[in-house]
Amino acid sequence: MQGKNLKIQINSDREESISMDQIAALDIVSLGGQEYQLLRNGKSYRLEVLSADIQQKIFKIRVEGKIHHIKLEDQYDMLVKTMGFEKGQKRITDIKAPMPGLVREVLVKVGDHFEKGQTLVVLEAMKMENALKAAAEGTVKSVHVSKDQTVDKGMILIGLE
């Protein structure tokens, strides 16, 4: 992924760009659970991941006691935005596992109506809970998983109408 950049929006008031090479060069160590130690530019930072929505690329992170809301955009997100396609997005018919993990909660059942942004499933992966949320409002057509079930990347978790 050399040469690819991510745009990082921090607390809705600051934007930065970081290359995949810079990310790979970060000195970060897991302290267990959702806590990490980051060494950057000779300074040490203690991080705690409070929440992570992998599909929407939205994270809530505590850095040295201060909470930050982070939104990531990769080159594809930026291209879609530039082309104006974000308003006419294709309708999503399934919620799929973005990575292998363990289903912690299924918050809907067949026939339930849900709103945009509503959490449908909570998936634990790499010791982090990831809330899988609806991209638009709709109705649950099928539920393919249950609590404490292990899932593979790409597996259909919830069918949508």
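Computed from a predicted model, the values in this text were never measured in an experiment.

S.K.: Which parts of the structure should I look at to understand the environment of Gln55?
M.R.: Tracing the backbone through its elements, the reader meets Gln55 in the loop between β5 (43-53) and β6 (58-63). Counting along the chain gives 75 residues from Gln55 to Asn130, while the straight-line C-alpha distance between them is 8.8 Å. Residue contacts for Gln55: discarding those within four places in its chain leaves Ile95, Lys96, Leu132 and Lys133.

S.K.: Looking at this structure, I do not really get the sheet that holds strand β15 (residues 156-160). What am I missing?
M.R.: In any sheet, the strands associate via hydrogen bonds between backbone groups, in a parallel or an antiparallel arrangement. Spatially, the four strands line up as an open sheet ordered β8-β15-β13-β10, and their pairing is antiparallel. The sheet is open, and its two edges are formed by β8 (94-96) and β10 (113-114), each paired on a single side. Relative to β15, strand β13 (residues 138-143) is paired through three bridges, and the arrangement is antiparallel. Its bridge partner being in β15, Val140 is matched across the sheet by Leu160.

S.K.: Which parts of the structure should I look at to understand the side chain of Asn130?
M.R.: If you trace the backbone, Asn130 turns up in strand β12 (residues 128-133). Only 3.3 Å separates the side chain of Asn130 from the backbone oxygen of Met128, close enough to count as a polar contact. Setting aside its immediate chain neighbours within four residues, Asn130 contacts Ala52, Ile54, Met99, Val121, Val122, Leu123 and Ala125.

S.K.: Is there a simple way to think about unusual backbone geometry in this case?
M.R.: Where the residue is not glycine, phi is negative for most of them; where a peptide bond is considered, it is trans in most cases. The backbone of Lys57 shows a phi angle near 60°, a positive value even though the residue is not glycine. Checked against the element boundaries, Lys57 lands in the loop between β5 and β6. Lys57 sits in the partly exposed class, given a relative accessible area of 22%. A positive phi is found at Met126, a non-glycine position, where the angle reads about 55°. By the secondary structure assignment, Met126 is in the loop between β11 (119-125) and β12.

S.K.: Mind showing me how you'd approach the pattern of salt bridges here?
M.R.: For side chains bearing opposite charge, pairing can occur when the charged atoms are close. All chains considered together, the criterion is met by nine salt bridges. Its salt-bridge partner being Arg62, residue Glu48 comes within 2.8 Å of it at the nearest N-O pair. In this pair, Glu48 sits in strand β5 while Arg62 sits in strand β6, placing the two residues 14 residues apart along the sequence. Of the residues examined, Glu48 reaches a relative accessible area of 24% and is grouped as partly exposed.

S.K.: Would you take a moment to explain the environment of Asp53 for this structure?
M.R.: Assignment of secondary structure puts Asp53 in strand β5. For Asp53, a relative accessible area of 6% puts it in the buried group. The spacing of Asp53 and Asn130 is 77 residues in sequence and 5.2 Å in space, taken between C-alpha atoms. Not counting residues within four places of it along the chain, the set of residues in contact with Asp53 comprises Ile58, Ala131 and Lys133. A polar contact is formed between the side chain of Asp53 and the backbone nitrogen of Gln55, at a distance of 3.3 Å.

S.K.: Even after reading the chapter, I still don't get the environment of Leu38, so can you show me in this structure?
M.R.: Relative to the helices and strands, Leu38 is located in strand β4 (residues 35-40). Among residues more than four places away in sequence, those in contact with Leu38 are Leu26, Asp27, Ile28, Lys43, Ser44, Tyr45 and Leu47.

S.K.: How should I be thinking about the pairing of β11 in this particular structure?
M.R.: The two faces of the sheet receive side chains in turn, since in a regular strand these alternate between them. Counting buried residues along β11, five of its seven residues qualify, which places the element largely inside the surrounding structure. Note: strand β9 (residues 101-106) against β11, four bridges, orientation antiparallel. By the bridge assignment, Val103 is partnered in β11 with Leu123. Here six bridges tie β11 to β12, and the two strands are oriented antiparallel to one another. By the bridge assignment for β12, Glu124 is matched with Glu129.

Reading guide: rules and limits
Residue numbering note: each chain is counted from 1, following its sequence as written. Whole-chain, interface and lining totals are the exception, using all residues; otherwise, since this is a predicted model, local features are given only for residues with pLDDT of at least 70 and side-chain atom pairs are given and counted only at 80 or more. For side-chain calculations, the full set of non-hydrogen atoms in the structure is used, while hydrogens and water are omitted. Secondary structure elements are taken from DSSP: a helix is a run of H or I of four residues or more, a strand is a run of E of two residues or more, and numbering for both begins at the N terminus. Pairs of residues are marked as contacts when any of their non-hydrogen atoms sit within 4.5 Å. Any two strands are treated as partners once DSSP identifies two or more bridges connecting them. Here a polar contact is recorded for every N or O atom pair within 3.5 Å, except that within protein the pair must consist of a potential hydrogen donor and a potential acceptor, and residues adjacent in sequence are included only if both atoms are side-chain atoms. Burial classification: accessible surface area is computed with a 1.4 Å probe over protein chains only, and a residue below 20% of its type maximum counts as buried, one above 50% as exposed, and the rest as partly exposed. Definition used for salt bridges: Asp or Glu carboxyl oxygen within 4 Å of a side-chain nitrogen of Lys or Arg.

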